[in-house]
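Working through the structure, step by step
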Amino acid sequence: MIYETTISYIAIDRNGNDKTVKERYIVDNAQTFGECEDIMLELCQDFTDLDVVAIKRSKLQEFANQRTSQQDRIFVADLEDTFVDDDGNEKEMKYSIAFYALDISAAYSFITEYIKQGYNMSLVALRKTKFVSYYNLK
C-alpha cells in the first residue's frame, strides 16, 4: 500500500526565529497507518518538535524509478490505457504513477518512454508535486 504523509517540525529561519515547517512524503509498502507513522517518526527523528500530522492512502498505483541526484523532484503522471475486454467492449483504465525527474522536460521524456510499454496507453496529465521524498519499506 502506498501512503502520503505530512509531517510538521520546528526549524530556525534566516533571522533566528522558530518557524513551523510542513513537508510531504510518499511511503510505499507500509501495511498500516501506524507502521507508516512509525517509519516517518524514525526517519525524521532529528527534527525538533516532530509530528506526523496526516497520513492517507494514496491514489498512486506505482512509484516508477529511483532518485539519481539530489536535485531530482517527484512528478506524477496520470495515464489512461484503452483496451478491449473479453466481451469485446472497449474499456478505459485510468491510473497515476509517481517518479523522480530533474525537471519537466526530463519528466516528459521519462513518461514518454514509460508509456511505450502499454498497448494503447496515453498521457492525460503530468505535474510536479510538493513531495520531498519517497521511502520504500521493502
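Looking now at the side chain of Thr 82. Along the chain, the position of Thr 82 falls in strand 5 (residues 73-84). Sequence-distant contacts of Thr 82, defined by excluding residues within four places in its chain, comprise Glu 90, Lys 91, Glu 92 and Asn 120.

Bringing the nonpolar core into the picture now. The biggest cluster of nonpolar side chains holds 12 residues, and these are Phe 75, Ala 77, Leu 79, Tyr 95, Ile 97, Phe 99, Ala 101, Ala 107, Ile 111, Tyr 114, Ile 115 and Met 121. Here this core takes four residues from strand 6 (residues 90-101), the largest share from any one element. The residues touching Phe 99, leaving out its near neighbours within four places in the chain, are Phe 63, Ala 64, Asn 65, Arg 73, Ile 74, Phe 75, Ala 77, Ala 107, Phe 110, Ile 111 and Leu 126. Counting residues in each nonpolar core, the second largest holds 11 residues, with Ile 7, Tyr 25, Val 27 and Cys 44 among its members.

One open sheet holds the four strands; their spatial order is 4-6-5-7, and the pairing between them is mixed. Edge positions in the sheet fall to strand 4 (60-63) and strand 7 (121-128), since each has one partner strand and no second. If you compare each strand with its neighbour and ignore which way they point, the axes differ by 25° on average. The sheet strands contacting helix 2 (residues 104-114) are strand 4, strand 5, strand 6 and strand 7, and the helix crosses strand 6 at an angle near 135°.

Reading guide: rules and limits
- Residues numbered from 1 in each chain as written.
- Predicted model: local features only at pLDDT ≥ 70, side-chain atom pairs only at ≥ 80, totals over all residues.
- Heavy atoms only, no water.
- Helix = DSSP H or I, 4+ residues; strand = E, 2+ residues; numbered from the N terminus.
- Contact = heavy atoms within 4.5 Å.
- Core = buried A, V, L, I, M, F, W, Y, C linked by side-chain atoms within 4.5 Å.
- Buried < 20%, exposed > 50% of the residue type's maximum accessible area, 1.4 Å probe, protein only.
- Pairing = 2+ DSSP bridges.
- Axes fitted to C-alpha atoms, helices over the stretch in contact; angles between N-to-C directions.

Scope: geometric values only; no functional claims are made or implied.
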